[in-house]
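Close look at the chain arrangement
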Amino acid sequence: MSKTDPGGASRRGLLAASAGMGAAAITGFPMVARSQGRRPIRIGMPTILSGRVAQLGISSRDAVLMEVEKFNAEGGLDGRPIEVIVRDSRGVPAEAARLAREMISDGVDILFDGEPSSGGFAVHEVVRETGTLTLHINTETSAMSADPKQRFWNAFRIARQGIHDSIAGGVYAAEIVKAKNLRRWMTVSPDYAYGRDTTAEFIEYLKYFTPDVQVVGETWPKLFQPDYTENVTRLAQGRPQAVYSCLWAGDLVAFVEQAALYGLFSQSQYFAVNMADYTTLKQIKQLPRGVHSGNRYLSSYPAQPTNAAFGRDYQRRYNNYPTNWAWQAATAVHLTTAALKKVGSTDPRQLASALRGLTIDSPFGADGKVTMRAEDQTLVGYAIGWGTTIPAEPYVEGIKTADWNQITQLEQEWKKGKGWA
Amino acid sequence: MRRLSGWRGDVLAALGALLVAAVLVLGLGSNGLVDFIIRFGIFGLLVLSLNLLIGTAGLVSFGHAAFFGSGAYAFGLLMQSGGWSVPAAILAALLWSALLALAIGALCVRLSEIYFAFLTLAFQMLIHSMVISWVSLTGGDQGLMGGVPKPPFLGIELARPTHLALFAAACLAVSAVLLRQVIRSPFGVALRMLRDNPQRAAFLGLSVFRYRLGAFVIAGTFAGLSGVLMSLYVSGAFPTFLYWTTSGEALFMIMLGGIGTFLGPLLGAATFLFISDRITAFTEHHGLFFGAVLLLLVLGLRKGMLDWAVEAWRSRRERHKA
Amino acid sequence: MDLGELAACMGSLPCVITQVSAGLTIGLLLFLVASGLTLIFGVLGLVNFAHGTLYMLGAYFALSAYELTESFLVATLAGTLGVAVFGLLMERTLFRRIYGADVLMQLLVCYAVILIMDDVVKIVWGGDFLKMDMPETFRRPPLLIGGGIVPLFYLVLFGITLAVALLLALGMSRTRFGRTVRAAAVNPAMVASLGVNTSFVFAAVFAVGSGLAGLAGALSAPIRSVVPGAGVSILIESFIVTVIGGMGSIGGALAAALLIGLTRSFGSIGFPLFTEGLMFLMMAAILLVKPSGLAGKHLA
């Protein structure tokens, strides 16, 4: 058992080397050489690199490595480069928690938690105890930052949030409902926390703006269900005028393909919040025209040169498209490096207070800026827009940008309703 | 040799092992080692309990994680409700796991072989479905969130990893001694007879149902304790705890170490965790390397490591004599 | 629970036609996977936990073949034959060694195969979920049959899977090979003593079973996402079918697969949140009442 002692310099060297090798194997570039003499700033990142959502984890890691390399090339923090240690949790929450602990034991300065909600909450509990500065970059479940019980000084969320998406989606859908008189709705969403909460919140805001909307049926496929025919025929039976879905990634692709065969897209208006992500758009062989979708990640929206450049660089480097998890990961690096430069050291207390309320220029901001909101330590001001799909690039047209004043105001009411504000 | 092979010997061996663990935890002060000892305590307990069913009773259960998970959820929920001390909540969680094992076991132990395996699997997946659907109680797929409070008791602060490691090691040591006594007892002898020679056992008037159910409940209870330790370790409980993959991992650990020796499963658990961790640390192709190692070990030895070693040692001794 | 909705559907012919046609198609696809599983168990005594991996490989093979040739027929054949050959190789190099070993040994070897193949697939095709295209001819608006909605592609799937199921049944009962296989399942020693090369029979059965799983993967690649790890969910469902139908019984697997398909399609209307739980409940109930399954010989 004594062999398991992970401390010691030799192992650190090995870790760094393997992280570098991993990066080299994927990208063809070696990781940036460490500058002489000064200890690098070490960031640990557990995420999902295998199984059904591997691609998202991979894109998250790739975006982090790409942005970190830029920071290092510009000289890092007074010559101290950032070194990233990425480990595969395989989507198992307990393994994510273990990896987080192991990284903390190995002395990482900052943790980038690259897990979705389930693993994210497991990591959250670990760092609640250890006091490690932690950036959750893929947890969208609102409760993580909105519920005061979940909040503590060293944890930040740098990801979109379910409630923001739902408010924006509700506002957008209500306009269409009024214009086209869509009263009968059905929903098809994955049967797990994210799916249930996001759907309930969307419907809540849809009804808030257009009270006469009726939900006449719901169908709840399991997460990662291989086949959706039963859900498709259920929708065919219900003959709704509009359908809401927060299915995502491979599940959404299979659903759309099967629904298209059943001719559903010509029957009803579809609102699929997670459609506009390249990995999804690219795989649907005949993307139906006119599906309403929120932006997950699009290099054409927000229409800023920096965003287009990010999409282009990423694509050139990895021969693949960025995802929602990629822009979030990149934003985490941007905010971290901004805070590091402000503080000048890696002291977690100082970094945390620098992060609180920090506003930076961002390719992904609604007005070219994103902010780490101080009161609940979560990202705001990122671009949220809804538009309709077209079968070829840029895939989504007529994007309407959500109004952050309205989002913030309704979010506050929602928190009050939950007893959280 | 003879004199030390009774329960006194077991207790001495357990104390010795505990002492070694304590020296490692307190002496070296390495966080990674502390974490490893906690996880070894958890999975060691899980595989020892499962091997009571597999090795001693000859019942291959695919659903053992149901009790692991139920222990974790029961403990986590009680601690979150407030007003429970850690020892009281542990006892209640064990009682709950035992009752669940009694109910499920009563239905399952009537079957044997692959049918028993599949029925336990079906019940485990049913419970998994229920935990996922009962969101208001269990938190559904997100599991119990918000942390499990760990108020100190008797000077033991489980929120501190070193204390938790010693506590887990102590739980494992005590349980190992107890399980060993169960196996040695007339009850254990009867279980082995039912496994090897059911006709003779029936002839002697042994009730297959009662003995097997007894073993099922004992195994379920100890699995519940291991679940309690798990929820202390990750400060929560997740549906993966009672998914078939967790049962599967416990089976693989046992297979690696060997079902024929008492300590085999423990060796398997340690090896499994060690190899898995090492592989995660150097590659993202965890499955490829881990699968290859498993294949080589299994096809190379064709049995668990300790079983293989014991047999090799015995045949060598035979040859010496001859 | 939405039993009113279910009753309304049962009372309307179009609804029944839509649900039944969908349920049967999904059930038959599931049968292709489960039949291989049950055949391998019945004849070789091997619980092939890695069977889902063969389904996944079938989908990947078909996808690559379609991208090269744009032919649905070639893609289907590539999925079927490619996986049959792959299965044959696995049987000769690996599984042959664990016939007669206890179920735990088989479980561990299969688990290792699943782990390795999921990673190999990720290395070869990438971690992205992929989708196979389908010929334009299948993309027309769905047919209306008696008011029920039936997409053309589902009709194609139904035809192919039904034909394969019938061929399999005929092959098992009418051909010499089929009779040998059935005899080998009951008493391999006797079959061997009659001068039949059982090793050859076993290899052939494994190849056929693999090919069936590969075919199911290939056929579903145009409508489901193709992704590493796709084998696991289909494996669980196939096991439910195999157990309900009776381990080792092809006819039982067919009945159970159709039952599951219909339970899913009508369940999505009547009790949308409990279809999954219902399947495990059915599996537990069958095991308790009749462990040998709907059609199996009593082995327990």
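In this text, all values refer to a predicted model and were calculated from it rather than measured experimentally. (Residues numbered from 1 in each chain as written. Chains lettered and ligands numbered in written order. Predicted model: local features only at pLDDT ≥ 70, side-chain atom pairs only at ≥ 80, totals over all residues. Heavy atoms only, no water.)

The helix and strand inventory of chain B stands at 14 helices and zero strands. Each helix and strand of chain B, placed in order from N terminus to C terminus, yields the pattern α-α-α-α-α-α-α-α-α-α-α-α-α-α. A compact globule built from 322 residues should have a C-alpha radius of gyration of about 20 Å, and chain B, at 20 Å, falls within 12% of that. For chain B, the spread of C-alpha atoms along the principal axes amounts to about 65 × 45 × 45 Å. (Helix = DSSP H or I, 4+ residues; strand = E, 2+ residues; numbered from the N terminus. Rg over C-alpha atoms; globule rule 2.2 N^0.38 Å.)

This next bit is on the interface of chain A and chain B. On the chain B side, the residues contacting the 34 residues of chain A number 35 residues. Buried area between chain A and chain B, summed over both chains or domains, comes out near 3,100 Å², and the portion from carbon and sulfur atoms is 57%. Linking chain A with chain B are two salt bridges, by the criterion used here. A salt bridge links A:Glu129 to B:Lys150; the nearest nitrogen and oxygen atoms lie 2.9 Å apart. Only helix H1 (9–27), strand S2 (82–88), helix H3 (93–105), helix H4 (117–130) and helix H7 (193–209) of chain A provide two or more residues apiece to the side of chain A that touches chain B. If you tally residues by element for the side of chain A that touches chain B, the top one is H3(A), at nine residues. When the residues that make up the side of chain A that touches chain B are grouped by side-chain class, the tally is twelve nonpolar, seven polar and 15 charged. (Contact = heavy atoms within 4.5 Å. Buried area = accessible area lost by both parts, 1.4 Å probe. Salt bridge = Lys/Arg side-chain N within 4 Å of Asp/Glu carboxyl O. Nonpolar A, V, L, I, M, F, W, Y, C, P; charged D, E, K, R; others polar.)

Turning to the side chain of B:Ser97, a few remarks are in order. Residues and elements named next belong to chain B. Positionally, Ser97 belongs in helix H4 (residues 86–108). Classification of Ser97 as buried rests on a relative accessible area of 0%. Setting aside residues no more than four positions away along its own chain, Ser97 makes contact with Phe67, Ser70, Gly71, Gly220, Thr221 and Gly224. (Buried < 20%, exposed > 50% of the residue type's maximum accessible area, 1.4 Å probe, protein only.)

Positionally, A:Thr233 belongs in helix H8 (residues 229–238). Sequence-wise, A:Thr233 and A:Leu358 are 125 residues apart; in three dimensions their C-alpha atoms are separated by 49 Å. Setting aside its immediate chain neighbours within four residues, A:Thr233 contacts A:Tyr262, C:Thr18, C:Gln19 and C:Ala22. In this structure the side chain of A:Thr233 is engaged in a polar contact, spanning 3.0 Å, whose partner is the backbone oxygen of A:Glu230. (Polar contact = N/O pair within 3.5 Å; in protein donor to acceptor, adjacent residues only side chain to side chain.)

Under the definition given, this model contains 40 salt bridges over all chains. The shortest N-O distance in the salt bridge between B:Asp10 and B:Arg180 comes to 3.1 Å. Remark: B:Arg180 occurs in helix H7 (residues 161–184) and B:Asp10 occurs in helix H1 (residues 7–28); sequence separation between them is 170 residues. When its relative accessible area of 28% is taken as the criterion, B:Arg180 is described as partly exposed. When salt bridges with common partners are traced through the structure, they connect A:Arg90, A:Glu95, A:Arg98, A:Glu102, B:Arg39 and B:Asp277 into a single cluster.

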